[in-house]
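Residues per chain are reported as follows:
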Amino acid sequence: MLSPTPSELLARACADLRVGLPVSVGNVVLASVETLSAERLEGLRRAGDLVLTLSGRRAETLKARAYDGDVARIAVPEGVDLAWLRAVADPANDLRAPMKGPLATLRGGDCAPWRTGVRLAKAAQLLPAVVGVIAQAPSGITRLSVDLSATPPLPPTLISAARVPLAVERQSRVQVFRDGVEEHYAIEIGMIDRAAPVLTRLHSACFTGDVLGSLKCDCGPQLHAAMQAMAEAGGGILLYLNQEGRGIGLANKMRAYDLQDQGFDTVEANHRLGFEDDERDFRLGAGLLRRMGIGTIRLMTNNPRKLSMMRGQGIEVAERVPLHVGRTSENADYLNVKRTKSGHLE
């Protein structure tokens, strides 16, 4: 079999959108507003009537009617340029230039290709906004079917592994997995007993907190406290998942930080960008645990979604181990929002 599978086509489409190439979904040719060039925009315009599709969250901020529920299709006025499209998609200057309309929202017809386009943009960690036309796909671009709901992501594949002595525990080992889009890391700290519940932490990558020591979050202290606890317990598994910024990516996370400086909290900033509160998929962690032969864990988390998703994927959670560290005056509001709006546990 030399032809790409549906899962591989999804990965290819995400890569294409990231570099500014259009993709075909059903009878629609669409592209990311964030990465599209002015020349390709004109090519789309010559092919038909342009439609801008935003997530329902972004449409809510713009007071645009989302007749399709989770997305809104907006007729693009004649003559507008790429700067106009990006101003509608990106909330960076919403407070400085609040009037974006009037926005003529479309209703009726088949919304599925446009909805798929927004999903692809999110999966590519781009702004969830696509522009396109109903047209025959030109040769050479990636073509997808409309219904991708049943298409599973590429399973994580073990790429390499090696012993890595760590400051907390010299007997440690790092395994690198790849799922077609990202690489994720499983760190065995000490000697783990797979016959007993394994102390486990699913840690989403946080460049600003883990590497730079940012005071805006508690991620760095959580990471190091979890590793120390595993070393003291004699062994544990740290899954370091590349789902930065609750799954929206580092670039969008910086956009969210800029919105927070304008007065919005974490959840509000994500919504203004067009994302949900949390876009992460912790099924990935369950898949990695199964690959490593681990079925029962003691999960270090304050997040109830991790608990429910692990159990829903057949991983037995014998115990939840709270992890409360790193509270500062700079991140107190952030931690309060995680508790009050995201349901994090005490």
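Starting from 1, residues in each chain are numbered consecutively following that chain's sequence as written. Reporting of local features is limited, given that this is a predicted model, to residues whose pLDDT is at least 70; pairs of side-chain atoms are given and counted only at 80 or more, and all residues count toward the totals for whole chains, interfaces and linings. Computation of side-chain values covers all heavy atoms of the structure but excludes hydrogens and water.

As annotated in an unreviewed UniProt entry, the protein is GTP cyclohydrolase-2 from Jannaschia faecimaris. Entered under Catalytic activity (unreviewed entry) in the UniProt record, the comment concerning the protein runs "GTP + 4 H2O = 2,5-diamino-6-hydroxy-4-(5-phosphoribosylamino)-pyrimidine + formate + 2 phosphate + 3 H(+)". UniProt positions are given in the numbering used here, feature names are shortened, and annotations may be inferred rather than shown by experiment. Note on the protein: under the UniProt heading Sequence similarities (unreviewed entry), the record states "Belongs to the GTP cyclohydrolase II family."

Attention now goes to the overall build of the protein. Helix and strand counts for the protein come out as 13 helices and 13 strands. Computation of the radius of gyration draws on C-alpha atoms alone. For the globule rule, the value is 2.2 Å times the number of residues to the power 0.38. The C-alpha radius of gyration computed for the protein amounts to 22 Å, which stays within 12% of the reference 20 Å derived for 346 residues, consistent with globular compactness. Three exposure classes are used, based on accessible area relative to the maximum for each residue type with a 1.4 Å probe and protein chains only: buried under 20%, partly exposed in between, and exposed over 50%. The buried share among the 346 residues of the protein stands at 50%. Any pair of residues with heavy atoms lying within 4.5 Å of one another is described as a contacting pair. Across the protein, the fraction of contacts at a sequence separation of at least 24, relative to all contacts at a separation of at least 6, is 67%. The Shrake-Rupley method, run with a 1.4 Å probe, gives the accessible areas here. Residue values count only the displayed protein chains as cover. Accessible surface computed for the protein: about 16,100 Å², of which carbon and sulfur atoms make up 53%. The charge count includes Lys and Arg as positive and Asp and Glu as negative, but it does not include His or the ends of the chains. Taken as the charge location is NZ of Lys, CZ of Arg, CG of Asp or CD of Glu. If the 42 positive side-chain charges of the protein are averaged to one point and the 39 negative ones to another, these points end up 1 Å apart. Runs of H or I in DSSP of at least four residues are treated as helices and runs of E of at least two as strands, each being numbered from the N terminus.

A few words now on the pattern of salt bridges. Salt bridge, as applied in this entry: a Lys or Arg side-chain nitrogen positioned within 4 Å of an Asp or Glu carboxyl oxygen. Summed over the entire model, instances satisfying the criterion amount to 17 salt bridges. The shortest N-O distance in the salt bridge between glutamate 60 and arginine 57 comes to 4.0 Å. Of the two residues, glutamate 60 and arginine 57 both sit in helix 3 (residues 56-62), three residues apart, roughly one turn of that helix. The network of salt bridges with common partners includes Glu34, Asp90 and Arg255.

A few words on the UniProt feature "domain: GTP cyclohydrolase II" (unreviewed entry) in the protein. If you check UniProt for "domain: GTP cyclohydrolase II" (unreviewed entry), the listed places come out as residues 163-322 in our numbering. Secondary structure across residues 163-322 comprises 39% helix and 26% strand; the distance between its end C-alpha atoms is 29 Å.

Split by domain assignment, the protein resolves into domain 1 (6-144) and domain 2 (157-243 + 280-342). As used throughout, domain bounds are those supplied by an automatic or database domain assignment. Here domain 1 and domain 2 have C-alpha centroids that lie 35 Å from each other.

Relative to the helices and strands, proline 322 is located in the loop between strand 13 (316-321) and helix 13 (332-340). A sequence separation of 22 residues divides proline 322 from methionine 300, and the C-alpha atoms of the two residues are 5.8 Å apart.

Turning to the sheet that holds strand 13, a few remarks are in order. An order of 7-8-9-11-10-12-13 is seen for the seven strands of this open sheet, with the pairing classed as mixed. With one partner strand each, in any of the chains shown, strand 7 (157-163) and strand 13 form the two edges of the open sheet. The average angle at which neighbouring strand axes cross in this sheet is 25 degrees, direction not considered. Any two strands with at least two DSSP bridges between them are considered paired. Pairing analysis gives three bridges linking strand 10 (residues 198-204) to strand 12 (residues 296-300), with the strands arranged parallel. In this analysis, axes come from line fits to C-alpha atoms, helices being fitted only over the stretch in contact, and the angle between any two N-to-C directions falls in the range 0 to 180 degrees.

Let us look at the sheet that holds strand 1 (residues 23-25). The strand order across the open sheet built from six strands is 4-3-5-2-1-6, with neighbouring strands paired in mixed fashion. Two strands bound the open sheet, and with one partner strand each, they are strand 4 (71-75) and strand 6 (143-144). Pairing geometry for strand 2 (residues 28-32) and strand 5 (residues 129-134), over five bridges, is antiparallel. Bridging across to strand 5, alanine 31 finds its partner in valine 131. Packed on one face of the sheet, helix 4 (residues 82-89) meets strand 3 (51-55) and strand 5 and runs near 20 degrees to strand 3. Sitting on the sheet, helix 5 (residues 112-123) is in contact with strand 1, strand 2, strand 3, strand 4, strand 5 and strand 6, with an inclination near 145 degrees to strand 5.

The phi dihedral of lysine 63 falls on the positive side, at around 60 degrees, and the residue is not glycine. Here lysine 63 lies in the loop between helix 3 and strand 4. Phi is positive for glutamine 125, close to 60 degrees, though the residue is something other than glycine. Structurally, glutamine 125 is set in the loop between helix 5 and strand 5.

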